[in-house]
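Residue-level listing of the chains:
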Amino acid sequence: MAERLRTLAPTANIAIVSACEGDIYPKPLLSVALSRDLTDEHIRSKKGEAAARELGISLFAQTYVSGIDPTAKRLRTTQGTLRYKSLVLAYGARPALLPGLPSSLVWRINNLRAWQQLRQRIGQDKKRITVVGAGLVGCELAEDAAHAGHEVTLLYRDDFPLQTLLPEAAARITAEHLRQTGITLLANATVRGVQRQDSGIGLDIAAPVGPGGIQADIVIAAIGLETDLRLPRAAGLNTDCGIVVNPSTLQTSGPDIYAMGDCISVEGVPCRYIAPLAAQADTIAHEILGLPHSGYRHQPPKIRLKSKVAAFELSGRPCSDLPWETVENAQGRLVMQQRRGSTITARLEV
């Protein structure tokens, strides 16, 4: 967002308020860093301070926002109150929390700081690692840990990994490929409780088959994301599953307040992927600067699983009410699609 504004307005006064250090890094690397033996220095492409200097912007790092006054156009932070002409909310989403997965015993990896702490905790020895949740991130983290030589259990509540995203035929293939990496799959399972024990961490498991409990050295929760809506709601902004924005301008219900990325919802659907961010930033920059533009048009991004053994690509708009048709299933390649009438609405390649 700051880069696009700077390109269009070389002399504009731009400030970023960030709860973290503001460092720049490719977030997808966090789910493949163990097997590649990457350190935080490998992952980080630029320090926040250096990036801010290059862009000519003010960076308020390790600073928290406590409130927004849309009428007076003021932002209350732990570094004082800032006045703004336009405000962009781009604070992302956070890992979902469940009472049975206490943060004191269970890791959640959604930023570089959390990754650094987990990497330090793992150390150089091989560990028993349990990943709870078999969505995209859970499958990637489990496979990454397995390729790094750890003993990995992937625990999930459905019949197959990625079942809410993939048709059963593709989900079965994914499950088998994950098993081939040495991962233990525990299906139809939920965690009733987590406790520290002498031998590590004990998980009390409810499952139709398998153990009633398992032991681990590291437990990672990857059960999805949720948007923290306390800040926008206190400011009187419209919210549902995220911050509600105009689908064309990305403006919120507040005057001169925009939002982008994981924290927004577009027509009632959360926006959780990286691909749309450049177009969102471009739209908001043009809106803020009063420059003509064609408006934001949200396109479902292609979804890929970063995997050495179970890669797939899903494009279009999958619908739960439409059947999947098999287009090709031979020589280790599966292609499926959904159609509404004569129009292909979704396509999957495994």
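Residues numbered from 1 in each chain as written. Predicted model: local features only at pLDDT ≥ 70, side-chain atom pairs only at ≥ 80, totals over all residues. Heavy atoms only, no water.

Per an unreviewed UniProt entry, the recorded name for the protein chain is FAD-dependent oxidoreductase, and the organism is Acetobacter lambici. On record in UniProt, under Cofactor (unreviewed entry), the comment for the protein chain is "FAD". We quote the UniProt Sequence similarities (unreviewed entry) comment for the protein chain here in full: "Belongs to the FAD-dependent oxidoreductase family." (UniProt positions renumbered as here; feature names shortened; annotations may be inferred.)

Student: So what exactly am I meant to see when it comes to the overall build of the protein chain here?
Tutor: The number of helices and strands found in the protein chain is eight helices and 24 strands. Taken against the 2.2 N^0.38 rule, which gives 20 Å for 350 residues, the C-alpha radius of gyration of the protein chain at 22 Å falls within 12% of a compact globule. Projecting the C-alpha coordinates of the protein chain onto the three principal axes gives extents of approximately 60 × 60 × 35 Å. Across the 350 residues in the protein chain, those meeting the buried criterion constitute 44%. Expressed as a percentage of contacts within the protein chain between residues at least 6 apart in sequence, the contacts between residues at least 24 apart total 54%. When the accessible surface of the protein chain is split by element, carbon and sulfur atoms take 48% of a total near 18,100 Å². (Helix = DSSP H or I, 4+ residues; strand = E, 2+ residues; numbered from the N terminus. Rg over C-alpha atoms; globule rule 2.2 N^0.38 Å. Buried < 20%, exposed > 50% of the residue type's maximum accessible area, 1.4 Å probe, protein only. Contact = heavy atoms within 4.5 Å. Areas by Shrake-Rupley, 256 points an atom, 1.4 Å probe, with all protein chains shown as cover.)

Student: Honestly, the sheet that holds strand 18 (residues 264-266) in this entry has me stumped. Any pointers?
Tutor: Backbone-to-backbone hydrogen bonds join strands into a sheet, with any given pair of strands oriented parallel or antiparallel. Strands sit in the order 16-18-19 across an open sheet of three strands; the sheet is mixed. Here the strands that pair on one side only, and so sit at the sheet edges, are strand 16 (243-244) and strand 19 (269-270). Inspection of the sheet shows strand 18 paired to strand 19 by two bridges, in the antiparallel sense. Paired with Ser 265 across the two strands is Pro 270, which belongs to strand 19. (Pairing = 2+ DSSP bridges.)

Student: Sorry if this is basic, but what is going on with the side chain of Lys 127 here?
Tutor: Here Lys 127 is to be found in the loop between helix 4 (112-122) and strand 8 (128-132). Despite its burial, Lys 127 pairs with no opposite charge, the nearest such side chain being Asp 125 at 4.5 Å. From its side chain, Lys 127 meets the backbone oxygen of Ile 122 in a polar contact 2.6 Å long. What Lys 127 contacts, discounting residues up to four positions off in sequence, is Arg 121, Ile 122, His 150, Glu 151 and Asp 217. (Lys, Arg positive; Asp, Glu negative; His and termini not counted. Salt bridge = Lys/Arg side-chain N within 4 Å of Asp/Glu carboxyl O. Polar contact = N/O pair within 3.5 Å; in protein donor to acceptor, adjacent residues only side chain to side chain.)

Student: Can you help me understand the environment of Leu 166 in this one?
Tutor: Relative to the assigned elements, Leu 166 resides in the loop between strand 9 (151-155) and helix 6 (168-180). By relative accessible area, Leu 166 is classed as buried at 5%. Along the primary structure Leu 166 and Glu 21 are separated by 145 residues, whereas in three dimensions their C-alpha atoms are 37 Å apart.

Student: It is not clear to me how the environment of Ala 207 should be interpreted in this structure. Could you clarify?
Tutor: Take Ala 207: it is sitting in the loop between strand 12 (200-206) and strand 13 (213-216). On the basis of relative accessibility, which here comes to 26%, the residue Ala 207 falls in the partly exposed class. Through-space distance from the C-alpha of Ala 207 to that of Arg 179 is 19 Å; in sequence the pair is 28 residues apart. If we ignore the near neighbours within four places in the chain, the residues touching Ala 207 are Ala 187, Asn 188 and Ala 189.

Student: How should I be thinking about the sheet that holds strand 21 (residues 313-316) in this particular structure?
Tutor: On the basis of which strands lie adjacent, the open sheet formed by five strands has the order 20-21-24-23-22 and antiparallel pairing. This sheet does not close on itself; its edge strands, each paired only once, are strand 20 (303-304) and strand 22 (325-330). As judged from the four bridges shared by strand 21 and strand 24 (residues 343-349), these two strands associate in the antiparallel manner. Across the sheet, Ser 315 pairs through a bridge with Arg 347, a residue of strand 24.

Student: Explain the pattern of salt bridges here, please?
Tutor: Pairing between side chains of opposite charge can happen when the charged atoms of each approach one another. According to the stated counting rule, one finds 23 salt bridges in the structure shown. Here Asp 40 makes a salt bridge to Arg 44, at a shortest N to O gap of 3.3 Å. Linking Arg 340 and Asp 321 is a salt bridge whose minimum nitrogen-to-oxygen distance equals 3.7 Å. You can see Arg 340 sitting in strand 23 (residues 333-340) and its partner Asp 321 sitting in the loop between strand 21 and strand 22, a full 19 residues away along the chain. The exposure class assigned to Arg 340 is partly exposed, which follows from its relative accessible area of 44%. Given the relative accessible area of 56%, Asp 321 is considered exposed. Sharing partners across several salt bridges, the network here consists of Asp 23, Asp 40, Glu 41 and Arg 44.

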